[in-house]
Structures are given as structure tokens and as C-alpha cells.
Amino acid sequence: MNTKIIVIANQKGGVGKTTNTIHIASALAEQGRKCLIIDLDDSAGATTTLGVPTTGWDTIYEVITGEVNIDEAIIKDDDQEVKLPKNIHFIPASPRLNDLDSFLNRSENLGIVAQDLLLNPMAELRGKYDYVLLDSPPLVTKMTFPAYKVADYAILSTQLEKLSFERLESAMKLIASANKNGNSKLALVGILVTMVPQPITRLATHYLDLIDETYLSEAREPYRFNAVVHRNVAIQEAATAKVTLFEYQPDHRVNASYRSIAKDFEERIRRIENNKPSRVQQVSNG
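Read on for a plain summary of the structure. Since this is a predicted model, take the numbers as computed values, not measurements.

A short note on unusual backbone geometry
Between Gln198 and the following residue, Pro199, the backbone shows a cis peptide bond with an omega angle of -5 degrees. One can find Pro199 in the loop between strand S6 (187-193) and helix H9 (202-214). The backbone of Met195 sits at a positive phi, close to 55 degrees, despite the residue not being glycine.

Here you go:
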């Protein structure tokens, strides 16, 4: 099994990273892909959305600090206490991620390189999953760059407003930094636009056009996925019910968007790995 590690990112909160992580995984799992979601955010958004208690479980914190092996922290889709969708496994986050500075500053840990915290755990997952999806923190924390350092591909999530658009540049710089500092394979697969208003406003259209004009591959093709995710209360209702929208309302039109995005995502990766002309090349701004 050729495991692909995907970081879903943007250095701003509230742009749909967690929703996108869970529902891209759901669309892939529906097609029989075996997926593992890892929550790297100390606010534990994916953990709570999927109905996993934030205490009483081994988490990604215990994995990266060496307290448990990564296999011990994986909640599987046949677990009796947490009901996960078929083909989706999960590693929860913990508020203890806030304590990473204290962990790294202990005398016995001074030789640990912070940016490499995920290298060994991710290496152990290779060959076990089709996709490992990393739900990254919204701010630059001790878990942000390690996620970029281990990922094969990145999906950037954004809304159609000023601050979300501006933070895309920060995420692009992190990809470039990872390329220069130990992860030359990391490639941007696409930019996913979420919470699009219906009908679309003039301001939203402006930022949609700006994304297409600004973030282009060397082939001068937009990185943005053609399908967008429209604002819809059903997404929040599903989160409140602690299930995915695929479970909550299988025929919802938002699920059709995620199915399209997942299909586009896999096609883009195939083009990269077959060395064919692809949208996913060196970023060219403007």
C-alpha cells in the first residue's frame, strides 16, 4: 500500500480545515480507501466533532513524546466506544499539546529536534493506509511545521474574505520552507474554498477571482479545486450530532462537492506521480 500523507492547512482558524479533513476522508473512504485522520490541534476540533472524548484515550501527544507506540493510539472503525465511519481510523488530539515546550525543554529531551517530532510516527504508518490526513493547527504551534515536514501533499483551506486570503501566503511560505529544509517532495495539491455564500456575493466573487489569479502552478493553471463547499447549516448540525455529513444526510449536495474534490484530488496526485503535466508544481504568484 502506497501511503500518502496529506496536511490540510491554513494559518487561520475558522476556514474549514477540520470539516474538510473529515469529509475528504469520508469521500475517500466511501470509495474503499483506508484513511487515518490525525488531529494535531490542541483545541481538538476533529476529536470533538467525531465524538471522541478528550480524556481517557492515548492521543497524538503520547505518541510524539514516546509514551506509547502510534498503533496503540489509533481508534479503529470497529471500536465499540467510538463509532467511526467505515474505512476511517482516528488519532485524537489532547490539550497536553500545549505542554510540548515544557517537554522539549527537559534536560533529557534537549537533543530532540522540534520540527522532526512526527517523522518516526509517520514512518511507522507507511504501508498501512491509503491516506493519512493531518488536521493541522490554525496558528503556528509546535505541531505546525512538523506536519509540513512529514507530508507528501498539502491542501490549503480558505474562505472568500480578506484575512483568510492573506493567510494563504503564510501557508505557501511554510510549504516552501519545508521544501528547503528536509521535505523536498511536499507539493501543493490544491486550494479548497469553503463556506461560499449562496447566492455568491460580489465580495466573494472578488476573492475567488483573486485566488485564481494569484496562486498558479508553473503551467499557469489555478491551484483552486473546481468544486467549492457552500455554506450550509447541515454541516453544523452533523457536527453537533458527532457524525459526518455523509452519515447525517448522505444525499446532501455538500457531500457531492466533497466527492468531486476527492476525485479531483486523486487525479492530481496521479498526474504528479506519473510525471505528467500537473497543476501541482512550483508555486508562482501573480
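Observations regarding the packing of helix H1 (residues 17-30) against helix H12 (residues 253-273)
Here H1 crosses H12 at 75 degrees, and the two axes come no closer than 9 Å. Taken together, H1 and H12 sit at an angle that is classed as roughly perpendicular. Here Thr19, Asn20, His23, Ile24, Ala27, Leu28 and Glu30 of H1 come into contact with H12, specifically with Tyr258, Arg259, Ile261, Ala262, Phe265 and Glu266. When grouped by side-chain class, the residues that make up the contact of H1 with H12 number seven nonpolar, three polar and three charged.

Concerning the sheet that holds S6
Reading across from one edge, S3-S2-S4-S1-S5-S6 is the order of the six strands in this open sheet, with parallel pairing throughout. Both edges of this open sheet fall to strand S3 (88-91) and S6, since each of them pairs with a single strand only. Strand after strand, the sheet turns through a mean of 20 degrees between neighbouring axes, direction not considered. Inspection of the sheet shows strand S2 (residues 35-39) paired to strand S4 (residues 131-135) by five bridges, in the parallel sense. Looking across to S4, one finds that Cys35 is bridged to Tyr131. Along the sheet, H12 contacts strand S1 (4-9), S4, strand S5 (153-158) and S6; its crossing angle with S6, the most-contacted strand, is approximately 165 degrees.

Overview of helix H8 (residues 162-180)
Helix length check: H8 (19 residues) gives 28 Å between terminal C-alpha atoms against 27 Å at 1.5 Å per residue, within 8%. Taken residue by residue, H8 has Ser164, Phe165, Leu168, Ala171, Met172, Leu174, Ile175 and Ala178 as its buried positions. Buried residues of H8, viewed axially, fall in a sector of 160 degrees; they line one side. Along H8, exposed side chains directed more than 90 degrees from the buried face belong to Lys173 and Lys180. Buried residues in H8 make contact with helix H7 (144-150), S5, S6, H9 and strand S7 (215-216). At the N-terminal end of H8, a side-chain oxygen is found 3.1 Å from the backbone nitrogen of Leu163, two or three residues along, and the residue is Glu161. Within two residues after H8, Gly182 carries a phi angle of roughly 110 degrees, on the positive side.

The rules we used
- Residues numbered from 1 in each chain as written.
- Predicted model: local features only at pLDDT ≥ 70, side-chain atom pairs only at ≥ 80, totals over all residues.
- Heavy atoms only, no water.
- Helix = DSSP H or I, 4+ residues; strand = E, 2+ residues; numbered from the N terminus.
- Axes fitted to C-alpha atoms, helices over the stretch in contact; angles between N-to-C directions.
- Parallel < 35°, antiparallel > 145°, perpendicular 65-115°, else oblique.
- Contact = heavy atoms within 4.5 Å.
- Nonpolar A, V, L, I, M, F, W, Y, C, P; charged D, E, K, R; others polar.
- Pairing = 2+ DSSP bridges.
- Expected span 1.5 Å × (residues − 1).
- Buried < 20%, exposed > 50% of the residue type's maximum accessible area, 1.4 Å probe, protein only.
- Arc of directions from axis to C-beta.
- Polar contact = N/O pair within 3.5 Å; in protein donor to acceptor, adjacent residues only side chain to side chain.

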